[in-house]
Structures are given as C-alpha cells and as structure tokens.
Amino acid sequence: MKAPRKDTLETRRQIVNAAEKLFAEHGIDNVGLLDISREAGQKNRNAAQYHYDNKANLITAVLDRHTDEINIRRALMLEQLKDTKKPQVADLIKVLVLPVAEHVASTGNSMAFLLINSQMMTTQALATMRKERTANMPEVKRLNALFAKVLPKASAEKQKARLLLVQSMLHHGLASFHSLYPGKSNKGFVESLCTGIEAVLTET
C-alpha cells in the first residue's frame, strides 16, 4: 500500500488535534465533523469526513495517540512481572494506574484524553465503544488475566460494579486532580488512588 503524502499526514494531524480540543471542551455529542474541519483550518468543509469517514473513527484516532504510548509503558511493566511467580494485587494495580498517570504528567495535551474518557463512560453508546476498544488491547488482556488469578471471586454483578468504580476512580480522579492542581506533581494522589482501587478490588 502506498504511504500517505506528507501533506495528507499533516492534514490528518490537524484534524485529530482539532477533534481532541473540541471533544474535550464541548463534549463529543456536541461536536460535528463540520465543526472539526473548521477548527482544523481546512478550506474543504468536508475534510474531516473525507479523511476519517465518521466521528467514531475520529474518536479512535484521538484516543490512539494516547493509548499507544500508555500501552508501551504498560507492556514494559508487564514484562518486568514475568519473573514473579504470583504478582500481588498491588503490583497489578500499579500496572493499571502508573502508565496512565505518568502519561498525563508528561504529555501536554493529556487532560483532553482524560476528559474524553470521562465523557465516554457516561454515555451508553460511547461506553460500549470504549469497552470494545480496550478489550482488544493485548496489554489489557494480559493484565486482566493476571488480575483474575489473584482477586477474590465475585459474582458477575459485583465484577461489573468493581470495573465501573475502578475506571471512574482512575479517569475521573486524575482529571479532577489535574484540573484543580495544574502543574502539580500527582505522585501523592496516585499513591492514594492505588490504595483506594486496591480496597475496591479486594472487597469481599
């Protein structure tokens, strides 16, 4: 397959940047492809649709630029656990939390990532899309398999409740912290976050 031209790649980058900004500031449901094309400074009002076809593909492109980096960090941490016969719950929680927290702390536009994830968890269609995305990530599959070996057995209903609480604590929690304390180190907050998540996951 022929590689995209440099100007095409730059146009796509501008469109994704615009989508990320508008989704975070105004909400995914309140932003259309025409809005994104205008924000990206495109003369062609259909540029976003031409390059990404629909809003779902644009959401995926916005999230991928963050989750790709997060999963690289997560994969490295999982490799470090390979020699551990039975990782502790606290070890696995760090694999879940730290790659996200470190990405947020080191990436300039990561607040948008947190805000978009927070939105997606409160809308049925977007929550389903988000769940399907994460379920197909190899690093998430490996982490979930390890969690299944060490967490207390629970009913399907309780497992769903735990997952919802943990995801809310992670994304809403980090978004709230960085909104209230921009530029501050999240180290202390992350330690408390990990402790809270462990309490949720190990509750019987």
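Residues numbered from 1 in each chain as written. Predicted model: local features only at pLDDT ≥ 70, side-chain atom pairs only at ≥ 80, totals over all residues. Heavy atoms only, no water.

### So, the overall build of the protein chain
A count of helices and strands for the protein chain gives 10 helices and 0 strands. Mapped in sequence order, the helices and strands of the protein chain form the string α-α-α-α-α-α-α-α-α-α. Rg of the C-alpha trace for the protein chain: 18 Å, near the compact-globule value of 17 Å for 204 residues, within the 12% margin. When the backbone C-alpha atoms are referred to their principal axes, the protein chain occupies close to 55 × 40 × 35 Å. Counting across all 204 residues of the protein chain, residues that qualify as buried make up 42%. Residue pairs at least 24 apart in sequence account for 71% of intrachain contacts in the protein chain once pairs closer than 6 positions are excluded. Here the protein chain displays about 11,900 Å² of accessible surface, and carbon together with sulfur accounts for 54% of that area. Between the centroid of the 29 positive side chains of the protein chain and the centroid of its 21 negative side chains there is a distance of 2 Å. (Helix = DSSP H or I, 4+ residues; strand = E, 2+ residues; numbered from the N terminus. Rg over C-alpha atoms; globule rule 2.2 N^0.38 Å. Buried < 20%, exposed > 50% of the residue type's maximum accessible area, 1.4 Å probe, protein only. Contact = heavy atoms within 4.5 Å. Areas by Shrake-Rupley, 256 points an atom, 1.4 Å probe, with all protein chains shown as cover. Lys, Arg positive; Asp, Glu negative; His and termini not counted. Charge placed at Lys NZ, Arg CZ, Asp CG, Glu CD.)

### Here's the deal with the side chain of Arg-162
Residue placement: Arg-162 occurs in helix α9 (residues 156-180). Despite its burial, Arg-162 pairs with no opposite charge; the closest candidate is Glu-203, at 4.4 Å N-O. Ignoring sequence-local partners within four residues, the contact set of Arg-162 consists of Pro-152, Ala-154, Val-200, Leu-201, Glu-203 and Thr-204. (Salt bridge = Lys/Arg side-chain N within 4 Å of Asp/Glu carboxyl O.)

### Observations concerning α9
Its 25 residues give α9 an end-to-end C-alpha distance of 35 Å, which sits within 8% of 36 Å, the value for a rise of 1.5 Å per residue. Buried residues of α9: Arg-162, Val-166, Gln-167, Leu-170, His-171, Gly-173, Leu-174, Ala-175, Phe-177 and His-178, and no others. For α9, the elements touching its buried residues are α5 (89-106), α6 (110-120), α7 (124-135) and α10 (187-202). (Expected span 1.5 Å × (residues − 1).)

These figures come from the coordinates and say nothing about function on their own.
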